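Structural features, examined
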Amino acid sequence: MKRKAAETPADGDKEMQSTESKHSQDEGERPTKELKSDSKKSSNAGLVRPLKVSNKELYKAPTPEELNQLKETESLFHCSLLKMQMEELLKEVVISEKKKRLVDSFVLKITELLHSVPETPVVELSDTTWLSKAEVPFILMPKSAKGKFHMEPPASVALIGSYPLGTCTKPRVSVDLMVTIPANVIHPMDAINQRYSRKRALYLAGLAEHLLSSKEVGTMQYSCLHGNRLRPVLLLTPPGKDGGSLTLRIHACPPPDFLKPGQLHPQKNKIRTDWFTGIDAPQPGGPDAPTPHYNSTVLGDHLPGAHLQFLCAVRDQCGAFKDTVALLKVWLRQRELDQGSGCFGGFVASMLVAYLLTSHKVSNHMSAYQLFRNALHFLASTDLTENGITLARNPDSTAPSLSDFHSAFQVVFVDPSGHLNLCADMTAHTYKQIQHEASLSVQFWDDPTMDGFQALLMSPKPLIRTYDHVFQLCGLSKLQSACKKLNLFSELMDHSGNYIITALPLLLSLLQRGLGERIHLLVHSLPPSPEWPVTSEPLKHKEQPPLSFGLLLNPEHLASALEKGPPADSPKAAEFRQLWGERAELRRFQDGSITEAVLWEASTACLKRLVPQQIINHLLQLHADIPPSCVRYVGGLLDNVIIVREESCGTGEEESLKVVQCYDDLSRKLWQLEDLPLSITSVQGAHPALRYTQVLPPVPFKLSYKQFDREKRSRALLPQDGNPCPVYITPIKVICHMEGSGKWPHDALAIRHIKAAFHIRLAEILKNTHNYPCHPSATHLDVWKDGLAFRIQVAYHREPQVLRELLSPDGMLLMRDNLQAQALEMDTQHRTLLTSTLHGLQQQHPCFGAVCRLAKRWLGAQLFGADLCEDAADLLVAHLFLHPAPNTAPSSPQVGFLRFLHLLSSFDWRNSPLVVNLNSQLTVADYTDIKNGFAASRESLPTMFIATPTDRKQSIWTRDAPSVQMLQRMVTVAAESLHVLEAQLTDATHTQDVRVAFRPPLDVYDVLIYLRPKQVPLVGSAVDPPSHEPSRGAQEGAIPGGVLPVIDFNPVSLYLTELREAFGDMALFFHDPYGGTVIAVLWKPNTFPPLRFKTGTMAARRVEVCEDKVSTVPNVEAILHDFSVLGEGLVERVVPRTEKWVV
């Protein structure tokens, strides 16, 4: 490879240049000479000097490091941006030198204090009277234990963990300090019956008692190492302003040779049953059961020093070790997997990287990015629940085998000693979650069309927003009876009475069996590490937060309400009946088979999505004595917002399906029509209801003729005066394209006349052939079919082009775009294509329509309906399904809606286009072109830019709205709504009222116009509907034929149109289109400054004379009166809310 040393390297090559320079200095093989300057040195002092090298140096082969960098840049990174992002992230998480000095200083002070701990007399192990202030951080279960104890200064104090290893990261800077308990304080027999664990806790209490009197310590608390109550730690912070940025964790550990590892074999027992139960009589079942988890806890305290030495040796061999561990820790933290009981913490992550390096699965010369990627790939492809791994190269003869570890633990990762399972407390479901997340991360990393850095390392994944359904176990004390019913006495003894950790694996296994193919994944939150003051008793197990569980649903099997079991004569039938209890029954199916089955109550799509709730409640009640009142299921709380029928709990999927089926029937009949001058080439839907995304799906109605008058000529139904506004009947728009022909005129007005004639002819044929009531007009044809109204609009494909044609004065034909042509093209081409595409997306993802409806319901309720059109909102939701990173596509409306709020509030609308790759039509090159075009023309493009395969440069759906101010308002309200909703869904102490996120804040508006509820046709669908809604002359149901009702009559919409036409230059008007009874008015900023008097600008203004100057100001009193006059009969009252003007 030829190097042009005489050229100045570009910025992107600085790293390579610095590497070359370093090799030049280290090897001493590349001498350089500065060229002599022909001019004065003072004038050329700032110039970059070219380097003069020999031909041998110029054509020298690249070094291995340079080849590795070139290969890395070419094949690993999609672009240099990803590399720079990761480098900047590492700079952000690495501890600064200033912080290190603070840590070293604080550690030194604490070490001196610890060495000055006074000795105390020898007392019984159960005697704590020598402690005057500090409490013992241990739950005494049982109360008594044999042994003696006294305090002495520690044998040694040393740093362990991530800080001396160099892998400590921000923002939670935790430094571990190991305090070695003197050998004469503990006895070799203390491993039995929790004696060692109690002495360890007493020693920590003695340290806390001593440190309480020191001013060198800020706050002091107890906690537990990864939630393990047998391994309490002491948390210290420095005094002053630095206290919140640093935590020192003090671990009390025995001398390294205190116990031989072979004594703590997983198959051995170290807790005697008679001591734990207090019953001297021998227990049935032979000898005491093994206590692998307790043994692992005691053994883990012996090895921190040895583990640190091992990791330091590996770190010294691999330069990228520290950065790799830092990236893994960030990745784990974003997925909430690095804290709590059974977590995959930074220590296990370090050991994983060490395993990959020592087993030669990766090279010591790899970069941090390559190591990080290989670590994720290893996690995704290796199942440690089936095939454990070990770091031990030459274990001694007493070390357990991998099969011994697998028989005692669910996840196996053995440390270098060969005796300790690093994942002893981890459940199989936690590891499956890690595998799932690693597999997703590798998939996103390989996708060149997305921002892998954002998905991998910058996007938090809280449980409530990651999984489709979430439920909580609130009454944790009920798990005691669950342990008894599940016969978990030996496991409870192994976990020293921690009934939560004991019951959790069995409950997970039970729920996994019951949910079966309905879910892809079942995960649980990690029981947190409690923290409490050193002067307080430790928290009891039942006082910890509720356990949370997440379900990743499988849409393919979610729609079934039947759980089909084995045949009645199968050996598995008894197992099936044992699992389901009395719910299991024999059923005969249409194919003649007779099998065991369980049928759940679910008549609608909404209830079928909640069948897992019935399964969970039933299994927990049957097998664990956990009543449904202790299970808080939050999978469908948001469904109430879009429920169409209260009695059936349906959320509109069935109604939308009926609309689509009715449209399909009408479409077939239109295709079959004869006696038309031109044939129909296509029939396309152009309405949200035909893609399942209409907030209020049209419902078939039977009209009550008594509440209507008849129009004289057509006998159509008209609303009676004085009655409530009649039911709103939604017109479902259908575009009917006619074939091209020379018969079509080339004049816009003539084309409109031809279309009107087609509407009349279609009405005649449909009336005569199918007896459909029809009403033709110049712009459309209304058809009443099966209780639904369809608005058919004839289209001619060349009409938009004709509208753009313009003759110049000299007779030349010019093309000029205009609003009329754009609107027609939108209706007849873009919206029909979007409708058919999103209809296909609904077939792939059954909950797509429900998520769209929730999103648009929120937009309408927050008064943003006029600023973000329905089509744009549907595209935002489509993005969540087509580009779900860092998650999988939503399978429930609730999680989809939460992600919609997160997308709206967190996306960088100013600097990035939102690309929605419908039907996967966009290639990598297309993505690049869209982003480059966006960057080049940003100032002239819409504030919210949404690109699709058919709209890459204009963003036609957001061309007119929202404005910068309204988008910022949307972002703010979406962020606050997301915060409120997540708090309500995750915190059992919150009042359960999810509708609070749909109630708009009205205090920011200047005027509120209150409407009469009985004249608002959709008031029954409001966020807070009235308790009693008046009759509106219609009942649900459909009858063929009938009389054509008034279609698309909404007084509120008509009133808003008049307000905007009359006062749109002075104010903005906001309204919830789905039953809102308030119109909010916001004055425009340029409304109130006085203007010069002109007769043409006197609308809604009055004259003011000041010092012989005549000006005009808004006549607010008259404007407010006009609001009432325009809405006579509809407006209840007009309330001004601010004093920003003078009335």
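Criteria and thresholds
Residues numbered from 1 in each chain as written. Predicted model: local features only at pLDDT ≥ 70, side-chain atom pairs only at ≥ 80, totals over all residues. Heavy atoms only, no water. Helix = DSSP H or I, 4+ residues; strand = E, 2+ residues; numbered from the N terminus. Buried < 20%, exposed > 50% of the residue type's maximum accessible area, 1.4 Å probe, protein only. Areas by Shrake-Rupley, 256 points an atom, 1.4 Å probe, with all protein chains shown as cover. Lys, Arg positive; Asp, Glu negative; His and termini not counted. Charge placed at Lys NZ, Arg CZ, Asp CG, Glu CD. Expected span 1.5 Å × (residues − 1). Polar contact = N/O pair within 3.5 Å; in protein donor to acceptor, adjacent residues only side chain to side chain. Pairing = 2+ DSSP bridges. Axes fitted to C-alpha atoms, helices over the stretch in contact; angles between N-to-C directions. Phe/Tyr/Trp six-rings, centres within 6.5 Å; stacked < 30°, edge-to-face > 60°. Lys NZ or Arg CZ within 6 Å of the ring centre and 35° of its normal. UniProt positions renumbered as here; feature names shortened; annotations may be inferred. Contact = heavy atoms within 4.5 Å. Domains from an automatic or database assignment. Buried area = accessible area lost by both parts, 1.4 Å probe. Salt bridge = Lys/Arg side-chain N within 4 Å of Asp/Glu carboxyl O. Core = buried A, V, L, I, M, F, W, Y, C linked by side-chain atoms within 4.5 Å. Patch = residues over 30% accessible without salt bridge, like charges linked within 9 Å, V, L, I, M, F, W, Y side chains within 5 Å. Disulfide = S-S within 2.5 Å. Parallel < 35°, antiparallel > 145°, perpendicular 65-115°, else oblique. Left-handed = near helix turned anticlockwise from the far one by under 90°. Nonpolar A, V, L, I, M, F, W, Y, C, P; charged D, E, K, R; others polar.

What follows covers the overall build of the protein. Regarding its fold elements, the protein presents 35 helices and 37 strands. Judged by the C-alpha coordinates and their principal axes, the protein covers about 110 × 100 × 75 Å. Evaluated residue by residue, the protein yields a buried proportion of 53% over its 1143 residues. Counting only carbon and sulfur atoms, one obtains 53% of the accessible surface of the protein, whose full area is about 52,500 Å². Considering the protein, the positive charge centre built from 117 side chains and the negative charge centre built from 123 side chains are found 1 Å apart.

Between its first and last C-alpha atoms helix H26 (residues 748–770) spans 32 Å; for 23 residues at 1.5 Å apiece the expected length is 33 Å, and the two agree. Looking only at H26, the buried set comprises Ala748, Ile751, Lys755, Ala756, Phe758, His759, Leu762, Ala763, Ile765 and Leu766. Where H26 begins, one side-chain oxygen reaches toward the backbone nitrogen of Leu749, 3.1 Å away; that side chain belongs to Asp747. Asn771 sits one or two residues past H26 and shows a positive phi near 60 degrees.

Attention now goes to the environment of Ala380. Examined against the element boundaries, Ala380 turns out to sit in helix H13 (residues 368–381). Each C-alpha atom, one on Ala380 and one on Lys432, is 9.1 Å from the other, the two residues being 52 residues apart in sequence.

The next point concerns the sheet that holds strand S37 (residues 1131–1136). The strand order S32-S33-S30-S37 describes an open sheet built from four strands, whose pairing is antiparallel. Each having just a single partner strand, strand S32 (1067–1071) and S37 make up the two edges of the open sheet. Geometrically, the sheet is characterised by an average inter-axis angle of 20 degrees between neighbouring strands, direction not taken into account. Relative to strand S33 (residues 1078–1083), strand S30 (residues 1007–1011) runs antiparallel, the two sharing four bridges. The residue of S33 that forms the bridge with Tyr1010 is Val1078.

A separate point is the packing of aromatic side chains. Per the counting criterion, the structure on display carries 25 aromatic pairs. With a centroid separation of 4.8 Å and 5 degrees between ring planes, the pair formed by Phe471 and Phe549 is classed as stacked. Residue Phe471 is located in strand S10 (residues 469–473), and its partner Phe549 is located in strand S13 (residues 547–553); the two are separated by 78 residues in the primary sequence. Relative accessible area serves as the criterion here: at 0%, Phe471 is assigned to the buried category. Residue classification places Phe549 among the buried residues on the basis of a relative accessible area of 1%. In this structure an aromatic cluster arises from ring pairing among Trp858, Phe864, Phe897, Phe900 and Phe998. Its guanidinium or amino end placed over the ring of Phe589, Lys564 lies 4.5 Å from that ring's centre, counting from NZ or CZ. Here the guanidinium or amino end of Arg1133 rests over the ring plane of Tyr1010, the centre of that ring lying 4.0 Å away.

In the numbering used here, UniProt assigns the "domain: Nrap protein" (unreviewed entry) feature to residues 175–314, 320–459, 465–624, 645–843, 845–1000 and 1002–1134. Along residues 465–624, the helical share is 41% and the strand share 22%, with 28 Å between the first and last C-alpha atoms.

Once that is clear, we can look at the pairing of S33. Counting buried residues in S33 gives five out of six residues, a clear majority hidden from the surface. Pairing between S32 and S33: five bridges, direction antiparallel. Counted as the bridge partner of His1071 is Ile1079 from S33. In this antiparallel pair of consecutive strands, S32 and S33, the connection spans six residues, and Gly1075 shows a positive phi of 100 degrees.

Relative to the helices and strands, Leu803 resides in helix H27 (residues 799–804). Given the relative accessible area of 13%, Leu803 is considered buried. Separated by 265 residues in sequence, Leu803 and Leu1068 place their C-alpha atoms 31 Å apart. Discounting chain neighbours no more than four positions away, the residues touching Leu803 are Ala748, Arg752, Asn818, Gln820, Ala821 and Leu824.

We now examine helix H24 (residues 611–624). In this model, H24 (14 residues) spans 19 Å end to end at C-alpha, consistent with the 20 Å of a helix rising 1.5 Å per residue. Within H24, ten of the 14 residues are buried, which leaves the element mostly enclosed by the surrounding structure. Every buried residue of H24 is listed here: Val611, Pro612, Ile615, Ile616, Asn617, His618, Leu619, Leu620, His623 and Ala624.

It is worth spelling out the domain arrangement of the protein at this point. Under the domain assignment, the protein is made up of domain 1 (3–33), domain 2 (94–258), domain 3 (304–381 + 427–461), domain 4 (463–561 + 600–635) and domain 5 (1005–1142). Here domain 3 and domain 4 have C-alpha centroids that lie 28 Å from each other. Between domain 3 and domain 4, the residue contacts involve 16 residues of the former and 19 residues of the latter. Area buried by domain 3 at its contact with domain 4 is led by Ser341, His429 and Gln433, which between them contribute 44% of it. Remark: the boundary between domain 3 and domain 4 carries zero salt bridges.

Okay, the nonpolar core next. Ile110, Leu207, Leu234, Leu236, Ile250, Phe413 and Leu457 are the most contacted members of the largest nonpolar core, which has 124 residues in total. Setting aside residues up to four positions removed in sequence, Ile110 forms contacts with Leu177, Val217, Leu236, Leu248 and Ile250.

A contiguous nonpolar patch, built from Phe1093, Val1103, Val1105 and Val1110 and spanning about 340 Å² of accessible area, is present on the exposed surface. Positionally, Val1105 belongs in strand S35 (residues 1101–1106). Accessibility expressed as a relative area gives 61% for Val1105, which makes it exposed.

Take the sheet that holds strand S12 (residues 532–533) next. Sheet architecture is open: six strands sit in the order S3-S4-S7-S6-S5-S12, paired in mixed fashion. Pairing within the sheet leaves two strands with one partner each, and these edge strands are strand S3 (156–160) and S12. Where strand S5 (residues 220–225) lies against strand S6 (residues 228–236), six bridges are found, and the strand directions are antiparallel. If you follow Leu225 over to S6, its bridge partner there is Asn228. In the packing of helix H5 (residues 97–115) onto the sheet, contacts are made with S3, strand S4 (174–180), S6 and strand S7 (247–253), and the angle to S4 comes to roughly 25 degrees.

Counted according to the given criterion, the structure contains 46 salt bridges. In this structure, Arg831 and Asp871 form a salt bridge, with 3.1 Å as the shortest nitrogen-oxygen distance. Taken together, the residues span a long stretch of sequence, with Arg831 in helix H28 (residues 819–844) and Asp871 in helix H30 (residues 870–882) at a distance of 40 residues. Here Arg831 and Asp871 have matching classes, each one buried. Among the charged side chains, a network of salt bridges with common partners joins Arg691, Lys733, Asp827, Arg831, Lys856, Glu870, Asp871 and Asp874.

Using the criterion set out here, one finds zero disulfides in the structure. Note on Cys662: no disulfide assigned, nearest cysteine sulfur contributed by Cys774 at a separation of 13 Å. For Cys774, which is in no disulfide, the shortest distance to another cysteine sulfur is to Cys736 and amounts to 13 Å.

The next subject is the side chain of Asn617. Within the secondary structure layout, Asn617 lies in helix H24. With sequence-adjacent residues up to four places away left out, Asn617 is seen in contact with Pro628 and Val631.

So, about the packing of helix H20 (residues 499–515) against helix H22 (residues 572–580). Between H20 and H22, the least distance of the axes is 11 Å, while the angle of their chain directions is 115 degrees. For the element pair H20 / H22, the angle class is roughly perpendicular. Classified by chirality, the crossing of H22 by H20 is left-handed. Residues Leu510, Arg513 and Gly514 of H20 form the contact with H22, whose own contacting residues are Glu575, Gln578, Leu579 and Trp580. Residue classes in the contact of H20 with H22 are distributed as three nonpolar, two polar and two charged.

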